[in-house]
Amino acid sequence: MPGIEDLYREIILDHYRTPRNRGELAPPAVSAEGNNPLCGDDIRVYLDVVDGVVHDVKFSGQGCSISQSSTSMMTVAVKGKTIEEVRAFVRRFKHMMTLTEGDDEVDQSINLGDIEALQGVVKFPVRIKCATLGWNTLLEGLNEATK
Ligand code: ZN
């Protein structure tokens, strides 16, 4: 049996207690909303993309500690990256969490850093959607920003 400590690693609790980049961005920043009805997680991601770079990113909403901390870590990771870098980073993360992305498309050399702490969530399948919610919402925001 996986232990509960695998789910609530210190770095995850830290981002839950002290979320980074929490708030909203005014237009022309775009936003996207994601929901996870199974858990009641509700997240909106705001993106300010300038010249193909994620210049600023913020998130609002509510939900469980996994959804909130994963989204907080995501915002720290993608800020300042180009859209292509962000998409590759999301593929790498989703591959770690779900193993559903094609191996060929995943750049295993990308270092996820602190975000690897979320790998423990994989042992709790019902929580994987909590961990990936903010990231899928980010992808929707990127689509909106690059329309
Ligand atoms: Zn959740």
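The structure under discussion appears in the preceding block.
Residues numbered from 1 in each chain as written. Predicted model: local features only at pLDDT ≥ 70, side-chain atom pairs only at ≥ 80, totals over all residues. Heavy atoms only, no water.

K.L.:
Now, about the coordination of the zinc ion: what can you tell me, with residues and values included?
P.N.:
The coordination sphere of the zinc ion contains the protein donors C39 (SG), D41 (OD), D41 (OD), C64 (SG) and C130 (SG), at a distance range of 2.1 to 2.7 Å. Binding-site remark: the zinc ion is held by donors from one chain whose sequence spacing is C-x1-D-x22-C-x65-C. (Donors = N, O, S within 2.8 Å, 3.2 Å for Na, K, Ca; no water.)

K.L.:
Before we move on, could you go through the pattern of salt bridges and cite the residues and values that matter?
P.N.:
Pairing between side chains of opposite charge can happen when their charged atoms approach one another. Scanning the model with the defined rule gives 6 salt bridges in all. Between E10 and R17 there is a salt bridge whose closest N-O contact spans 3.7 Å. Of the two residues, E10 and R17, neither departs from the other in class, the shared state being exposed. R20 serves as the salt-bridge partner of D14, at 2.6 Å between the closest nitrogen and oxygen. For D14, a relative accessible area of 28% translates into the label partly exposed. (Salt bridge = Lys/Arg side-chain N within 4 Å of Asp/Glu carboxyl O. Buried < 20%, exposed > 50% of the residue type's maximum accessible area, 1.4 Å probe, protein only.)

K.L.:
Any details on unusual backbone geometry? Residues and values, ideally.
P.N.:
With an omega dihedral of 15°, the bond running from P27 to P28 counts as a cis peptide bond. Tracing the backbone through its elements, the reader meets P28 in the loop between α2 (10-17) and β1 (30-36). One non-glycine residue with positive phi stands out, namely N21, at about 55°. Along the chain, N21 falls in the loop between α2 and β1. Positioned with a positive phi, D51 is a non-glycine residue whose angle comes to about 50°. Here D51 shows up in the loop between β2 (41-50) and β3 (53-62). Accessibility expressed as a relative area gives 76% for D51, which makes it exposed. (Helix = DSSP H or I, 4+ residues; strand = E, 2+ residues; numbered from the N terminus.)

K.L.:
Which residues make up the pairing of β2, and what values do they have?
P.N.:
Judged from the 7 bridges that link them, β1 and β2 form a sheet pairing that is antiparallel. From the neighbouring strand, G34 faces β2, where its bridge partner is I43. Hairpin connection from β1 to β2: 4 residues lie between these consecutive antiparallel strands, with G40 at a positive phi of about 90°. Counting the residues between successive antiparallel strands, the hairpin from β2 to β3 contains 2 residues, one of them, D51, with a positive phi of roughly 50°. (Pairing = 2+ DSSP bridges.)

K.L.:
Lay out the packing of aromatic side chains in plain terms, naming residues and giving numbers.
P.N.:
Tallied over the entire structure, the rule returns 2 aromatic pairs. Between F89 and W135 the ring centres are 6.0 Å apart and the planes differ by 15°, which places this aromatic pair in the stacked class. Here W135 lies in helix α5 (residues 125-145) and F89 lies in helix α4 (residues 83-98), a separation of 46 residues in the sequence. Both residues of the pair, F89 and W135, count as buried. For W135, a relative accessible area of 0% gives the class buried. Members of the aromatic cluster, joined through ring pairs, are F89, F93 and W135. (Phe/Tyr/Trp six-rings, centres within 6.5 Å; stacked < 30°, edge-to-face > 60°.)

K.L.:
Quick one: what's the story with the nonpolar core, residue by residue and with numbers?
P.N.:
Soluble globular proteins tend to bury their nonpolar side chains together. Ranked by size, the top nonpolar core spans 37 residues in total, and within it I66, I115 and L118 carry the most contacts. Those elements giving two or more residues to this core turn out to be β2, β3, α3 (65-78), α4 and α5. Broken down by element, the residue count for this core peaks at 8 residues, all from α4. (Core = buried A, V, L, I, M, F, W, Y, C linked by side-chain atoms within 4.5 Å.)

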